[in-house]
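Breakdown of the fold
Listed below are the residues making up each chain.
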Amino acid sequence: MKTKIAIVVPAAGVGSRMQAGIPKQYIELCGKPVLRHTLDKLAQLLVVDKFIVAVSASDEYFQESYLPDARFVRCDGGKERADSVLNALQVLQDFSPEWVLVHDAARPLVALTDIEKLIRECIENGEGGILASQVKDTIKRGDTYAEETVPRSALWQAYTPQMFRYQELKSALQTALQNGVTITDEASAMELQGHPVRLVAARSDNIKITTPEDLPLAEFIIQQQEKSHV
Ligand code: C5P
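Predicted model, so just to flag it, every value in this text is computed and none were measured. (Residues numbered from 1 in each chain as written. Predicted model: local features only at pLDDT ≥ 70, side-chain atom pairs only at ≥ 80, totals over all residues. Heavy atoms only, no water.)

1. Focus: the layout of surface pockets
Its volume calculated, the largest pocket comes out at about 950 Å³. Gly13, Arg17, Glu80, Arg81 and Lys208 are the residues nearest the centre of the largest pocket, which is lined by 35 residues in total. Residue assignment for the lining of the largest pocket shows that the elements contributing at least two residues are α2 (81–91) and β10 (156–165). By residue number, the principal contributor to the lining of the largest pocket is β10, which donates four residues. Looking at side-chain class alone, the lining of the largest pocket contains 13 nonpolar, twelve polar and ten charged residues. (1 Å grid on protein atoms, 1.4 Å probe; cavity = no way out; pocket = protein on both sides within 12 Å on 5 of 7 lines; lining within 4 Å. Points joined across faces, edges and corners; volume = space filled by probe spheres on them. Helix = DSSP H or I, 4+ residues; strand = E, 2+ residues; numbered from the N terminus. Nonpolar A, V, L, I, M, F, W, Y, C, P; charged D, E, K, R; others polar.)

Right, here's the structure in full:
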């Protein structure tokens, strides 16, 4: 029997660091909103049965036509990213997928080949994992002054998608939120519950659109990807 897989796309943030006047997922890159780039890319994953897109209830920019096909459903987002993800996971209750991937709306540059690798490695090994890349820069800890140089050999930058068993992720997020723990990604909720989180090495151009200087870089990467069909 086919493994049931769903993807949750949190898209309910305001993107205050972008200072753009509109939420960053609606800024246009090469003439198309960031959110549409992300959803159009994910729609190419034919192994995925269902997609839940969490959008703020007060969002004035979202259009139903942004949902690429009948597998996509909109739900309301929540106060924090983890609340948006949990709302989307509740919507999946009846569908009850075995695995769920969570992918930020603000990461339109992710390579399909990396997502396919993540899905393959998680299913083959029977454990959750995330796309990540080894830190390249020298890392300093400090405030105004550097207090120390942190060894970087075991440091990874965490990206999305992050893929876990549906029931385990739902219960890990519920527990974290009930305990008032700040959760910036799904993996941290899983780590707190003692679940393994595989680090799946990925391309480092899977940036999260966050500040204005990300925009020309993202447009350049999109143009390169269109040429090479990534
Ligand atoms: O703000 P940040 O870049 O960390 O947001 C990551 C992703 O989480 C974005 O796609 C954003 O739209 C989403 N988000 C959400 N609900 C919130 C806050 C952020 O779905 N309350």
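That covers the picture; the talk isn't over yet.
2. Some words on helix α3 (residues 112–125)
Owing to its 3.6 residues per turn, the α-helix aligns residues three or four sequence positions apart on the same side. If you check α3, its first and last C-alpha atoms are 20 Å apart, about what 14 residues at 1.5 Å a residue would give, namely 20 Å. What α3 keeps buried is the set Leu112, Asp114, Ile115, Leu118, Ile119 and Cys122. All buried residues of α3 lie within an arc of 165 degrees about the axis, which places them on one face of the element. Those residues of α3 that are exposed and angled more than 90 degrees off the buried face are Thr113 and Glu124. Buried residues along α3 sit against β1 (5–10), α1 (34–42), β6 (99–102), β7 (129–134), β10 and β11 (198–201). (Expected span 1.5 Å × (residues − 1). Buried < 20%, exposed > 50% of the residue type's maximum accessible area, 1.4 Å probe, protein only. Arc of directions from axis to C-beta. Contact = heavy atoms within 4.5 Å.)

3. Considering unusual backbone geometry
Following Thr160, the chain continues to Pro161 via a peptide bond in cis, the omega torsion being 5 degrees. Positive phi is not limited to glycine here, since Ser96 has a value of about 45 degrees. By the secondary structure assignment, Ser96 is in the loop between α2 and β6.

4. Some words on the site of the ligand
Around the ligand, the surrounding shell holds 16 residues, and the nearest of these are Pro10, Ala12, Lys24, Lys79 and Ser84. Separating an oxygen atom of the ligand from a backbone N or O atom of Ala12 is a distance of 2.9 Å. Within the backbone of Lys79, a nitrogen or oxygen atom sits 2.8 Å from a nitrogen atom of the ligand. Here the ligand has 460 Å² of accessible area as a free molecule, and 85% of this is covered by the chains. Judged by the proximity of its atoms to the pocket grid, the ligand belongs to the largest pocket. Per-class residue counts for the shell around the ligand are five nonpolar, four polar and seven charged. (Near = heavy atom within 4 Å. Polar contact = N/O pair within 3.5 Å; in protein donor to acceptor, adjacent residues only side chain to side chain. Areas by Shrake-Rupley, 256 points an atom, 1.4 Å probe, with all protein chains shown as cover. Sits in = over half its atoms within 2 Å of the grid points.)

5. Considering the pattern of salt bridges
Taken as a whole and judged by the stated rule, the model has 13 salt bridges. Salt-bridge contacts for Asp40 lead to Lys32; the nearest nitrogen and oxygen are separated by 2.7 Å. Accessibility expressed as a relative area gives 23% for Asp40, which makes it partly exposed. The salt bridge involving Glu121 is made with Arg198; its shortest N-O contact spans 3.7 Å. Here the residue Glu121 occupies a position in helix α3, and Arg198 occupies one in strand β11, the gap between them amounting to 77 residues. Given the relative accessible area of 22%, Glu121 is considered partly exposed. (Salt bridge = Lys/Arg side-chain N within 4 Å of Asp/Glu carboxyl O.)

Purely geometric numbers; function is a separate question.
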